[in-house]
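# Analysis of the macromolecular model
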Amino acid sequence: MKKKHWITVLILAITFGGVYSFVLFNPPLEIGTLGTAVGNKSVVIGIGNKGFRKVKILEVSVNNNEKPSKTKVQVSNALQGFIITDDYNNNESKKYGFKNIEDVSIKADTSPAATYKKLDDGTASKKDEIYGISVFHSEAIHQVIIKYSYFGIPFNKTVLFN
């Protein structure tokens, strides 16, 4: 009986290690659209999840790990797109579904590449949810660092703006 027990434990350890390695070397967060306002003080980063489980955004920082003045997530649709703004509460902005980062999980299978393909094919619809991180800062934004979690594993994604 002991030999069967060890074989089972070994198989489980190899399976867990394989899944962990796969996730670690294939992070699910994908960057799509990049948009900036004059002076790079307001940016939007289109993001999506090419994985098979939700992604949770933990924190967003800019430049040298500075906390931005304002950060929100746009939950829009493929036909509408995103808006670049520093006023998340005006009537025009409300249509773009601005939400607090902690209130949004990026659904699986929302890869920007897949959305672009649907737009090119003419098969995109309002049901195709897209996500954009909107960041406003008092100084020009040169980079945005997105800290997120997938399967409980923390990841960082850096987006550069020139």
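## Considering the pattern of salt bridges
For the coordinates displayed, the defined rule picks out five salt bridges. As a salt-bridge pair, E129 and K107 come within 3.4 Å of each other at their nearest N and O atoms. One end of the pair, E129, is in strand 7 (residues 129–136); the other, K107, is in the loop between strand 6 (105–106) and helix 3 (112–121), with 22 residues separating them in the sequence.

## Section: the nonpolar core
Among the nonpolar cores identified, the biggest contains 26 residues, and I47, I57, V135, V144 and I146 are the most heavily contacted of them. Secondary-structure elements contributing two or more residues to this core are strand 2 (42–49), strand 3 (55–62), strand 4 (70–77), strand 7, strand 8 (143–150) and strand 9 (153–160).

## Notes on the packing of aromatic side chains
One pass over the structure, following the stated rule, counts five aromatic pairs. Ring geometry for F52 against Y150: centres 6.5 Å apart, planes inclined by 75°, an arrangement best described as edge-to-face. Taken together, the residues span a long stretch of sequence, with F52 in the loop between strand 2 and strand 3 and Y150 in strand 8 at a distance of 98 residues. Among the residues examined, Y150 registers a relative accessible area of 3% and is labelled buried. When the ring of Y150 is compared with that of F151, the centres are 4.9 Å apart and the planes differ by 85°; the resulting orientation is edge-to-face. Site record: aromatic cluster; members linked through ring pairs are F52, Y150 and F151. Across the ring face of Y88, the terminal group of K70 is positioned such that the distance to the ring centre comes to 5.9 Å. The side chain of K70 reaches across the aromatic face of F136, ending 5.6 Å from its centre.

Reading guide: rules and limits
- Residues numbered from 1 in each chain as written.
- Predicted model: local features only at pLDDT ≥ 70, side-chain atom pairs only at ≥ 80, totals over all residues.
- Heavy atoms only, no water.
- Salt bridge = Lys/Arg side-chain N within 4 Å of Asp/Glu carboxyl O.
- Helix = DSSP H or I, 4+ residues; strand = E, 2+ residues; numbered from the N terminus.
- Core = buried A, V, L, I, M, F, W, Y, C linked by side-chain atoms within 4.5 Å.
- Buried < 20%, exposed > 50% of the residue type's maximum accessible area, 1.4 Å probe, protein only.
- Phe/Tyr/Trp six-rings, centres within 6.5 Å; stacked < 30°, edge-to-face > 60°.
- Lys NZ or Arg CZ within 6 Å of the ring centre and 35° of its normal.

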